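Examining the three-dimensional arrangement
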Amino acid sequence: MPATDLPLLVKAAELAGDIACRFTGPEARSWDKPGGAGPVTEADLAVNAMLEDMLQNARPGYGWLSEETEDTTARLTRDRVFIIDPIDGTRSFAQGSRTWAHSIAVAEKGVVTAAVIYLPQRELMYTAAEGQGATCNGAPIQVSAAYDLAATEVLAAKPNLQAHHWLGGTPPAFIRSYRPSLAYRLAKVADGRFGAMLTLRPSWEWDIAAGDLLLREAGGTITDRTGTPLRFNNPAPRLNGVVAGSRALHRTLLSALDPDSPGITGH
């Protein structure tokens, strides 16, 4: 049902943006979640409450996985599941930055079929539905045609460049850039602004799900750090890193990575 789910996700994202933008990031109440799970603000919880009410009422047969909802095994019994990050880039939001996103997706039997990444303060609405391509603000998007990694901008945090992650002992040459939101990083690869992105740390499904479909529908390739295609709604909802980009750049990065290197804790 990607064709019917996508308009629902777009409307939900628009409402999420309306709610989040009522809060002034630095003035929104915030606190650290237990176990070093990162910060959360009152805006995250307000957006999550609206999305949970709206989407589950609209699709009562779907499961639910959200960063800001206590997880249960109930979702594992459902063929379709919402995978939600109410605000991806909470630290940036709390600092008053505009680079944060609502990430909303539907997965069916482990495969994302409809997705939205919305940055309300940048007026960027990325959408994708299975078999229907990807768009930004209604215009079709596609990944970069670049194939020379050395001349390409890749979104990656500095810890990913540590020598022990790479078969040659040092990473291949490329121009490193960074954005704080994983969802936004994936969207900017899908629209061709950056050639590729990678994160070698274990990654939560809610950060990645919407971007996974955007990348694939924009003509790119996205896998975990070992080259395994991504599957969602796992009992433990974490992925073994992410490598994404044009087919050529994805292949080059993957061939240079050491699949047996230890993971990292930073972005």
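Keep in mind the model is a prediction, meaning the values are calculated, not measured.

Among the residues of helix H6 (residues 247-256), those classed as buried are Leu249, His250, Leu253 and Ala256. End-on view of H6: buried residues confined to an arc of 135°, all on one side of the axis. Exposed and facing more than 90 degrees away from the buried side of H6 are Arg247, Arg251 and Ser255. Contact partners of the buried residues in H6: strand S12 (196-199), strand S14 (221-223) and strand S16 (242-245).

All right, on to the sheet that holds strand S5 (residues 101-108) then. The sheet built from seven strands is open, its strands ordered S3-S4-S5-S6-S7-S8-S9 with mixed pairing. Only two strands of the sheet have a single neighbouring strand rather than two, namely strand S3 (63-66) and strand S9 (139-140). Note that strand S8 (residues 134-136) and S9 share two bridges and pair antiparallel. Across the sheet, the residue bridging to Thr135 is Pro140, located in S9. Across the sheet, helix H2 (residues 42-58) is in contact with S3, strand S4 (80-88) and S5; its angle to S4 comes to roughly 155°.

What follows deals with the nonpolar core. Ile117, Tyr126, Ile208 and Phe232 are the most contacted members of the largest nonpolar core, which totals 41 residues. At the level of elements, S4, S5, strand S6 (111-119), strand S7 (124-129), S8, helix H4 (182-190), helix H5 (205-217) and S16 are the ones that each hand at least two residues to this core. Apart from the residues lying within four places of it in its own chain, the contact partners of Ile208 are Leu182, Leu186, Ser203, Ile222, Leu230, Phe232, Leu239 and Val242. Of all hydrophobic cores here, the second largest spans 29 residues; its members include Leu8, Ile19, Ala28 and Met50.

The next subject is unusual backbone geometry. Although it is not a glycine, Lys109 sits at a positive phi angle of roughly 50°. On the basis of relative accessibility, which here comes to 55%, the residue Lys109 falls in the exposed class. Phi is positive for Asn233, close to 65°, though the residue is something other than glycine.

Take the packing of aromatic side chains next. Applying the stated criterion across every chain yields a total of four aromatic pairs. Centroid distance Tyr62 to Phe82: 5.1 Å. Interplanar angle 40°. Geometry classified as tilted. Of the two residues, Tyr62 sits in the loop between H2 and S3 while Phe82 sits in strand S4, which places them 20 residues apart along the sequence. Like Tyr62, the residue Phe82 is buried in the burial classification. Ring centres of Trp204 and Trp206 lie 4.7 Å apart, and the angle between their planes is 10°; this geometry places the pair in the stacked category. A network of ring pairs unites the aromatic residues Tyr62, Trp64 and Phe82 as a single cluster. Seen from the ring of Phe194, Arg193 lies directly overhead, with NZ or CZ sitting 4.2 Å from the centre. The lysine or arginine in question, Arg238, covers the ring of Trp204, its NZ or CZ lying 4.1 Å from the ring centre.

Pairs can form between side chains of opposite charge once their charged atoms are near each other. Scanning the model with the defined rule gives six salt bridges in all. Between Arg59 and Asp5 there is a salt bridge, with the nearest N and O atoms lying 2.8 Å from each other. Here the residue Arg59 occupies a position in the loop between H2 and S3, and Asp5 occupies one in helix H1 (residues 2-20), the gap between them amounting to 54 residues. Note on Arg59: relative accessible area 17%, which makes it buried. On the basis of relative accessibility, which here comes to 1%, the residue Asp5 falls in the buried class. Between Arg193 and Glu153 there is a salt bridge whose closest N-O contact spans 2.8 Å. A residue pair is termed long-range when its members are at least 10 positions apart, and Arg193 in the loop between H4 and S12 and Glu153 in strand S10 (residues 153-155) qualify at 40 residues. Owing to a relative accessible area of 24%, Glu153 belongs among the partly exposed residues under this scheme.

So, how was this worked out
Residues numbered from 1 in each chain as written. Predicted model: local features only at pLDDT ≥ 70, side-chain atom pairs only at ≥ 80, totals over all residues. Heavy atoms only, no water. Buried < 20%, exposed > 50% of the residue type's maximum accessible area, 1.4 Å probe, protein only. Helix = DSSP H or I, 4+ residues; strand = E, 2+ residues; numbered from the N terminus. Arc of directions from axis to C-beta. Contact = heavy atoms within 4.5 Å. Pairing = 2+ DSSP bridges. Axes fitted to C-alpha atoms, helices over the stretch in contact; angles between N-to-C directions. Core = buried A, V, L, I, M, F, W, Y, C linked by side-chain atoms within 4.5 Å. Phe/Tyr/Trp six-rings, centres within 6.5 Å; stacked < 30°, edge-to-face > 60°. Lys NZ or Arg CZ within 6 Å of the ring centre and 35° of its normal. Salt bridge = Lys/Arg side-chain N within 4 Å of Asp/Glu carboxyl O.

Such coordinate-based values are descriptive only and should not be taken to indicate function.
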